[in-house]
Amino acid sequence: MKTILALLTAASVLLGSGAPVTRAPRQPDVGVQGAHGHAPLSMTAPTPAARCDATTDYGDANGLALDAHDNIYVALSPASADANAAGGIEIQKWSPAGRLLATWTTPGARRGRGYHPAGVAVDGHGNIYVADANASRIIKLSATGQVLATWGAPGTAAGQFAKPAGIAVDGRGDVYVADKGNGRVQVLDATGRPRALWRLPSPGPGQASLPSGIAVDGRGRVYVADDAIRIFVLSPRGAVLRAWGSKGDQPDQFRHPVGIALDPRGRLDIADKLNARIQQFSPTGTPLTRWAMGSTMGRWFDAQGVAPAQPAFPTGVAVDARGTIDVLAGWCTSRIQQFSPTGQTIAIWPVAGT
């Protein structure tokens, strides 16, 4: 579960104020060493103690996407003190400089049947797609936030889903869905009609693939972050071209890879969630570098449930045309953190409820 970030003293923007983000001052390099000896910046300032409990819970912040103008989209499921309160999926649109441009909320449901956004994507027309894991459906919104359509229902047939997670859109408008609970990738056209269904190989006897993050390049190749600790590269027809990864914290290892993005040079940036880091690979899967999200020093919590030096657990990643890397950090430190192409922190701002 995610917590409103209490304060980021050197890099914050009040949600809803429209004030631009304060750029991060330089600090001594700390964190995980990259493959070429690069060490990224830590958070711009120590995070004041923040409790990770029901009194500060905001909900789930999962998935990050960019539009053609590099505006940033985040999907969240707001929590409420009222267990019977209605609460749909909230989509926030931010400028590249950290200015909140718009907030939209889809129609809600009772909290016990609440929605859980697990991925977001934007097509070339500005339409927004959200993968709703709990309801096993895809929601399509216009560029101005109106719900245009909902696709899917729980099930295993084509066009049905089980906890859909990552979502991506290619240049012709086809929608790629990491159908996590079904261990497969589904491809839909712009109207939601199924076009293809690709089942991923099992990681072992009695085990299932868990595709979580997905991206597609200009040649139709599909890149999948599998929560069963692997990365796949698929052909435009769904054949496995390449796969790598194992469980651990070394290069080429993962602990819950949940997001994947391509940079302008074809390199892959992976949100390695429980290692609290971003890993970068060449197009052929060679480890290039990695950097920590926030501070990974010390324990997650002390005896009072307070995290004075919190790690940040990335749940989504996107890269713009200049190579700037935007990362959504969820769970206890919900924020967007921007990195240069070499992993230096540019800016940080909190993502919280309006």
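**Re the overall build of the protein**
Counting its regular elements, the protein contains zero helices and 27 strands. Accessible surface, the protein: about 14,200 Å² in total, of which carbon and sulfur atoms supply 54%.

**Some remarks on the confidence of the model for the protein**
For the protein, mean pLDDT is 77; residues scoring 70 or higher make up 71% of the total. Throughout residues 109-113 the model reports pLDDT below 50, and contacts reaching past four residues in sequence, or to other chains, amount to twelve contacts. For the stretch residues 295-309, pLDDT sits under 50, and the model shows 27 contacts to residues farther than four places along the chain or on other chains.

**Things to note about the pattern of salt bridges**
Tallied over the entire structure, the rule returns eleven salt bridges. Two residues, Arg137 and Asp132, come together in a salt bridge whose shortest N-O distance is 3.3 Å. Given the relative accessible area of 18%, Arg137 is considered buried. Salt bridges sharing partners connect three or more residues here, namely Arg172, Asp174 and Arg195.

**Looking at the sheet that holds strand 6 (residues 117-122)**
What the four strands build is an open sheet, ordered 6-7-8-9; its pairing is antiparallel. The outermost strands of the open sheet, each flanked by one partner alone, are strand 6 and strand 9 (147-151). Each strand axis lies, on average, 20° off the axis of its neighbour in the sheet, ignoring direction. Judged from the five bridges that link them, strand 7 (residues 128-132) and strand 8 (residues 137-141) form a sheet pairing that is antiparallel. Looking at strand 8, one finds that Asp132 is bridged to Arg137.

**Some points on the environment of Ala276**
Inspection of the secondary structure assignment puts Ala276 in the loop between strand 21 (268-272) and strand 22 (277-281). Ala276 gets classed as buried once you look at its relative accessible area, which sits at 4%. When the C-alpha atoms of Ala276 and Trp291 are compared, they prove to be 8.7 Å apart, with 15 residues separating the residues in sequence.

**Overview of the environment of Pro341**
If you trace the backbone, Pro341 turns up in the loop between strand 26 (335-339) and strand 27 (345-350). Exposure remark for Pro341: the relative accessible area of 34% places this residue in the partly exposed category. When the C-alpha atoms of Pro341 and Gly323 are compared, they prove to be 5.2 Å apart, with 18 residues separating the residues in sequence.

**What about the sheet that holds strand 21?**
The four strands lie next to each other as 20-21-22-23, forming an open sheet whose pairing is antiparallel. Two strands bound the open sheet, and with one partner strand each, they are strand 20 (257-262) and strand 23 (287-292). In this sheet, neighbouring strand axes are inclined to one another by 20° on average, regardless of whether the strands run parallel or antiparallel. Taken together, the five bridges between strand 20 and strand 21 define a ladder with antiparallel strand orientation. Within strand 21, the position partnered with Pro257 by the bridge is Asp272.

**Some remarks on the nonpolar core**
Note on soluble globular proteins: their nonpolar side chains tend to be buried together. Ranked by internal contacts, the top residues of the largest apolar core, which has 14 residues, are Ile72, Val74, Leu328 and Ile336. Every element with two or more residues in this core is listed here: strand 2 (57-66), strand 3 (72-78) and strand 27. Among residues more than four places away in sequence, those in contact with Val74 are Gly63, Leu64, Glu90, Ile91, Gln92, Leu328, Ile336 and Val351.

**A word on the packing of aromatic side chains**
Within the structure shown, the criterion is met by six aromatic pairs. Ring geometry for Trp244 versus Phe281: centroids 5.5 Å apart, planes at 50°, classification tilted. Separated by 37 residues along the polypeptide, Trp244 in strand 17 (residues 240-244) and Phe281 in strand 22 bring together distant segments of the chain. On the basis of relative accessible area, Trp244 is assigned to the buried category, the value being 10%. A residue is classified by how much of its surface remains accessible, and Phe281, at 0% relative accessible area, is buried. On the numbers, 5.8 Å between centres and 40° between planes, the contact of Phe254 with Phe281 is tilted.

**Regarding the pairing of strand 15 (residues 222-226)**
Most of strand 15 is tucked away: five of the five residues are buried. Going residue by residue along strand 15, you find Val222, Val224 and Asp226 tucked away on one face and Tyr223 and Ala225 tucked away on the opposite face as well. Summarising the sheet, strand 14 (residues 211-216) and strand 15 pair through five bridges and their orientation is antiparallel. Its bridge partner being in strand 15, Pro211 is matched across the sheet by Asp226. The turn joining strand 14 and strand 15, which pair antiparallel and follow one another in sequence, is formed by five residues; a positive phi near 85° is taken by Gly220. In the sheet, strand 15 pairs with strand 16 (residues 230-234) via five bridges, with the strands oriented antiparallel. Counterpart to Val224 in the pairing with strand 16 is Phe232. Linking strand 15 back to strand 16 in an antiparallel pair, the connection comprises three residues, with Ile229 at a positive phi of about 75°.

Conventions we followed
- Residues numbered from 1 in each chain as written.
- Predicted model: local features only at pLDDT ≥ 70, side-chain atom pairs only at ≥ 80, totals over all residues.
- Heavy atoms only, no water.
- Helix = DSSP H or I, 4+ residues; strand = E, 2+ residues; numbered from the N terminus.
- Areas by Shrake-Rupley, 256 points an atom, 1.4 Å probe, with all protein chains shown as cover.
- pLDDT = per-residue confidence, 0-100.
- Contact = heavy atoms within 4.5 Å.
- Salt bridge = Lys/Arg side-chain N within 4 Å of Asp/Glu carboxyl O.
- Buried < 20%, exposed > 50% of the residue type's maximum accessible area, 1.4 Å probe, protein only.
- Pairing = 2+ DSSP bridges.
- Axes fitted to C-alpha atoms, helices over the stretch in contact; angles between N-to-C directions.
- Core = buried A, V, L, I, M, F, W, Y, C linked by side-chain atoms within 4.5 Å.
- Phe/Tyr/Trp six-rings, centres within 6.5 Å; stacked < 30°, edge-to-face > 60°.

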